[in-house]
Amino acid sequence: NAGVTQTPKFQVLKTGQSMTLQCAQDMNHNSMYWYRQDPGMGLRLIYYSASEGTTDKGEVPNGYNVSRLNKREFSLRLESAAPSQTSVYFCASSRKGQGSGELFFGEGSRLTVL
Amino acid sequence: GQQVMQIPQYQHVQEGEDFTTYCNSSTTLSNIQWYKQRPGGHPVFLIQLVKSGEVKKQKRLTFQFGEAKKNSSLHITATQTTDVGTYFCVEEASGTYKYIFGTGTRLKVLA
């Protein structure tokens, strides 16, 4: 099992460019999440999706949009990237609502905005 | 909003010494989870505590949930170099599917 797969692993953008981070899980989880982690900091929740067809804002949603394409996939879009969005982005999924609620994380996507 | 504070922020210990990190919430928690993140890695689930006063052990790790369910601790006995990393407590926001991470404690173990 691949678990949670994120692409790309690394990306460099110029200010104002747009991009989409892709996330897919093969564990049949209902809930999916996007976090960002700045250097030396904890993880902050950007958006989450409790189930297919629903999305909700987390702690730091400004500047981002999400799409829950289907049960497997949850993408994060930066419409106009800013240097403040330089960070490591983690996607996670959970069986919350289906059983044990532990989070399973992808390997992360390191984004640099120049 | 919810805040989950952890102390200390950093801890350097000699190999073999004990280590404890504390997690405090401003609200009563339904449950709390603990994760470990190795340098350059992603968070990995360690354990979930649900009951007031609950204590769980995993080999050298002891997890405790406060009686009032507002705080939690992780204690590592006789640290090893493999314990290096950042330890996070995570609370589930009541009535939602949000998981809010604590500020984390970064542990360095000196051989």
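All residue numbers refer to position in the chain's written sequence, counted from 1. In the order they appear in the text, chains get letters beginning with A and ligands get numbers beginning with 1. Given that this is a predicted model, residues contribute local features only at a pLDDT of at least 70 and side-chain atom pairs are listed and counted only at 80 or more, while totals for whole chains, interfaces and linings are drawn from all residues. Excluding hydrogens and water, the side-chain values take into account all heavy atoms of the structure.

Draft legend 1. Molecular detail of the sheet that holds strand β7 (residues 64–68) of chain A. Residue and element names in this part refer to chain A. Here 4 strands make up an open sheet; going across it, the order is β1-β3-β8-β7 and the pairing antiparallel. Two strands bound the open sheet, and with one partner strand each, they are β1 (4–7) and β7. On average, each strand axis in the sheet is tilted by 15° relative to the strand beside it, whichever way the strands run. At least two bridges found by DSSP between two strands are what make those strands a pair. A run of H or I in DSSP counts as a helix once it spans at least four residues, and a run of E counts as a strand once it spans at least two, with each numbered from the N terminus. Sheet topology note: the strand β3 (residues 19–25)/strand β8 (residues 74–78) ladder contains 3 bridges and is antiparallel. Across the sheet, residue T20 finds its bridge partner in β8, namely R77. Only C-alpha atoms enter the line fits that serve as axes; for helices the fit covers just the stretch in contact. Angles between N-to-C directions range over 0 to 180 degrees.

Draft legend 2. Quick look at the nonpolar core. Core analysis: the biggest nonpolar cluster contains 20 residues, and B:I32, B:W34 and B:F63 have the highest contact counts within it. Here, residues are in contact when the closest pair of their heavy atoms is within 4.5 Å. Sequence-distant contacts of B:I32, defined by excluding residues within four places in its chain, comprise B:C23, B:I47, B:Q48, B:L49, B:F65, B:S72, B:C89 and B:V90. Buried residues of nine kinds, namely Ala, Val, Leu, Ile, Met, Phe, Trp, Tyr and Cys, make up a nonpolar core once their side-chain atoms join them within 4.5 Å. Accessibility here uses a 1.4 Å probe with only protein chains present; expressed as a share of the type maximum, an area under 20% marks a residue as buried, one over 50% as exposed, and anything in between as partly exposed. Among the nonpolar cores identified, the runner-up in size contains 19 residues, and A:C23, A:I46, A:Y47 and A:V113 belong to it.

Draft legend 3. Broad picture of the interface of chain A and chain B. With 23 residues of chain A at the interface, the matching set in chain B holds 19 residues. Between chain A and chain B lies a buried interface of about 1,800 Å² when both sides are counted; carbon and sulfur atoms form 58% of it. Criterion for a salt bridge: a side-chain nitrogen of Lys or Arg within 4 Å of a carboxyl oxygen of Asp or Glu. The interface formed by chain A and chain B holds 0 salt bridges in total. Two N or O atoms form a polar contact when they lie within 3.5 Å of each other; inside protein one atom must be a possible hydrogen donor and the other a possible acceptor, and for residues adjacent in sequence the pair counts only when both atoms belong to side chains. For the interface between chain A and chain B, the tally reads 7 residue pairs in polar contact (both at pLDDT 80 or more). Of all the secondary structure elements, the ones that give two or more residues to the side of chain A that touches chain B are β4 (31–37), β5 (43–49), β9 (87–94) and β10 (103–105) of chain A. Element by element, the count of residues in the side of chain A that touches chain B is highest for β4(A), at 4 residues. For the side of chain A that touches chain B, the class distribution of residues is 10 nonpolar, 8 polar and 5 charged. A simple way to read buried area is as the amount of 1.4 Å-probe accessible surface that goes missing from two parts once joined, with both sides added. Amino acid classes used here: Ala, Val, Leu, Ile, Met, Phe, Trp, Tyr, Cys and Pro are nonpolar; Asp, Glu, Lys and Arg are charged; the rest, including Gly, are polar.

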